[in-house]
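Observations on the three-dimensional arrangement
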Amino acid sequence: MVGFLIALLSGALMSIQGVFNTQVTKASGIWAASAFVQFTALIVCMGAWLIMERGSLMQVFSVQPKYMLLGGAIGAFITYTVIRSMDMLGPAKAVLLIVVAQLLVAYLIELFGLFGADKQPWEWRKAIGMAVAIVGIIIFKWK
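Attention here is on the structure that accompanies the text. Note that the coordinates shown come from a computational prediction; the quantities given were computed from them, not determined experimentally.

**Notes on the pattern of salt bridges**
Opposite charge on two side chains allows them to pair when their charged atoms are near. Under the criterion given, the structure shown has three salt bridges. With a closest N to O distance of 3.9 Å, Glu110 and Lys126 form a salt bridge. Note that Glu110 is positioned in helix 4 (residues 91-112) and Lys126 in helix 5 (residues 124-141), a separation of 16 residues in sequence. For Glu110, a relative accessible area of 34% corresponds to the partly exposed category. Lys126 gets classed as partly exposed once you look at its relative accessible area, which sits at 25%. Several salt bridges converge on common partners, so that one network encompasses Glu110, Glu123, Arg125 and Lys126.

Shown next, in the form of C-alpha cells:
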C-alpha cells in the first residue's frame, strides 16, 4: 500500500513540476530552466544524502554495466521534453501521453527483460490495458 501511495505522489509531483518548469522556461529559456531544475535537484539530493546516508558517493561508479550511469543525462532530456510537451499541448494532454508512453516502454522493458529487469511473460490482460489507455488518449483528445 505504501508503494501505491508513493507512486501516486510521484505522478502528482511530476505534473506539478512540469507546470512549474514550463513557467520558469518562459522567463529564462528551456536549457537555462532545465539546468536550474537539475541544479536544485542536486542540492536537495546532496542534502538528503548528508542527512540520511553519508556513504561513499563514489560507490555509484561500481554499477555494472556502466551505461546505467546515464540516468542523469536522460533526466536532463526528460526535463526538456516535459517542458516542451506541456508548453505545446497543455498539462493534461502532455501528462496523459507521457504516462501512456511510460507504461508502454516499461511493459516492453519487462517483456524483453531489458536493462537487467526480470523478464516477464506476455499477458493479454496487460496488452488490453495498454489498448484501453490508448483509446483513453483518443477519447481525451476527441473534440
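**A short note on the packing of helix 3 (residues 71-89) against helix 4**
Between helix 3 and helix 4, the least distance of the axes is 7 Å, while the angle of their chain directions is 135 degrees. By the angle class used here, helix 3 and helix 4 are oblique. The handedness of the crossing between helix 3 and helix 4 comes out as right-handed. On the side of helix 3, the interface is formed by Val82, Ser85, Met86 and Leu89, while helix 4 contributes Pro91, Lys93, Ala94, Val95, Leu97 and Ile98. Among the residues forming the contact of helix 3 with helix 4, the class breakdown is eight nonpolar, one polar and one charged.

Each value, and the rule that gives it
Residues numbered from 1 in each chain as written. Predicted model: local features only at pLDDT ≥ 70, side-chain atom pairs only at ≥ 80, totals over all residues. Heavy atoms only, no water. Salt bridge = Lys/Arg side-chain N within 4 Å of Asp/Glu carboxyl O. Helix = DSSP H or I, 4+ residues; strand = E, 2+ residues; numbered from the N terminus. Buried < 20%, exposed > 50% of the residue type's maximum accessible area, 1.4 Å probe, protein only. Axes fitted to C-alpha atoms, helices over the stretch in contact; angles between N-to-C directions. Parallel < 35°, antiparallel > 145°, perpendicular 65-115°, else oblique. Left-handed = near helix turned anticlockwise from the far one by under 90°. Contact = heavy atoms within 4.5 Å. Nonpolar A, V, L, I, M, F, W, Y, C, P; charged D, E, K, R; others polar.

Don't take any of this as a statement about function, it's just geometry.
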